[in-house]
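Residues per chain are reported as follows:
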Amino acid sequence: MVNELCGPGEAVATAQALARRIAVNAPAVQASLAVLRDAATMSDDDAFALSNDAIRQLDDRGLRRRPSCLHREAGSPVERALVAARRQVDGDRQQARLQPE
């Protein structure tokens, strides 16, 4: 989630400025969202391969703006994000099984 504090009456202008900053990175944002969406249903190895492929594609197109962890190292940002996404999906599945129909 993304948020930013602003003063009274500045919400729309602040949101538009934030949207412009995000839109500058649109290809990277779109690639990241696609990886998170698809990785939730993959094995960890396949998810890491998908993530690395997306990063390489952004690099090849000159669209990656800052360094990112490309390696599957314990505690790396990529690993933590994928593990968190996997846990969320697993938790959602478990909760859906427990709810009566």
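Residues numbered from 1 in each chain as written. Predicted model: local features only at pLDDT ≥ 70, side-chain atom pairs only at ≥ 80, totals over all residues. Heavy atoms only, no water.

### A few points about the nonpolar core
Okay, so step 1: Counting six residues, the largest nonpolar core is built from Val35, Ala39, Ala47, Phe48, Ala54 and Leu82.
Okay, so step 2: The set of elements that each furnish at least two residues to this core consists of helix H2 (26–39) and helix H3 (44–60).
Okay, so step 3: With three residues, H3 is the single largest residue contributor to this core.
Okay, so step 4: Dropping the residues within four chain positions of it, Ala39 is found in contact with Ala47, Leu50, Leu82 and Arg86. (Core = buried A, V, L, I, M, F, W, Y, C linked by side-chain atoms within 4.5 Å. Buried < 20%, exposed > 50% of the residue type's maximum accessible area, 1.4 Å probe, protein only. Helix = DSSP H or I, 4+ residues; strand = E, 2+ residues; numbered from the N terminus. Contact = heavy atoms within 4.5 Å.)

### As for the pattern of salt bridges
Okay, so step 1: Evaluated as defined, the whole model comprises one salt bridge.
Okay, so step 2: Among the salt bridges present, the one from Arg37 reaches Asp38, with a minimum N-O distance of 3.6 Å.
Okay, so step 3: Classification of Arg37 by relative accessible area gives exposed; the value is 54%. (Salt bridge = Lys/Arg side-chain N within 4 Å of Asp/Glu carboxyl O.)

### Quick notes on the side chain of Thr14
Okay, so step 1: Structurally, Thr14 can be placed in helix H1 (residues 11–24).
Okay, so step 2: Here Glu10 takes part through its backbone oxygen, which lies 2.8 Å from a polar atom of the side chain of Thr14.
Okay, so step 3: Leave out the neighbours within four places in its chain, and Thr14 touches Glu4 and Cys6. (Polar contact = N/O pair within 3.5 Å; in protein donor to acceptor, adjacent residues only side chain to side chain.)

### Here's the deal with H3
Okay, so step 1: Counted at 1.5 Å a residue, the expected span for H3 with its 17 residues is 24 Å, and the 24 Å between its end C-alpha atoms agrees.
Okay, so step 2: Turning to H3, its buried residues are Ala47, Phe48, Ser51, Asn52, Ala54, Ile55 and Leu58. One side of H3 holds all its buried residues, which, seen down the axis, span an arc of 155°. The exposed set on the far side of H3, more than 90 degrees from its buried face, consists of Asp45 and Asp60.
Okay, so step 3: Immediately beyond the C-terminal end of H3, within one or two residues, lies Gly62, with a positive phi of roughly 70°. (Expected span 1.5 Å × (residues − 1). Arc of directions from axis to C-beta.)

### Quick word on the confidence of the model for the chain
Okay, so step 1: A residue-level look at the chain finds 76% of positions with pLDDT of 70 or above and a mean pLDDT of 76.
Okay, so step 2: The lowest-confidence element of the chain is helix H4 (residues 77–98), averaging 72 in pLDDT; the highest-confidence one is H3, averaging 88.
Okay, so step 3: Confidence over residues 67–71 falls short of pLDDT 50; this stretch has nine contacts with residues more than four positions distant or in other chains. (pLDDT = per-residue confidence, 0-100.)

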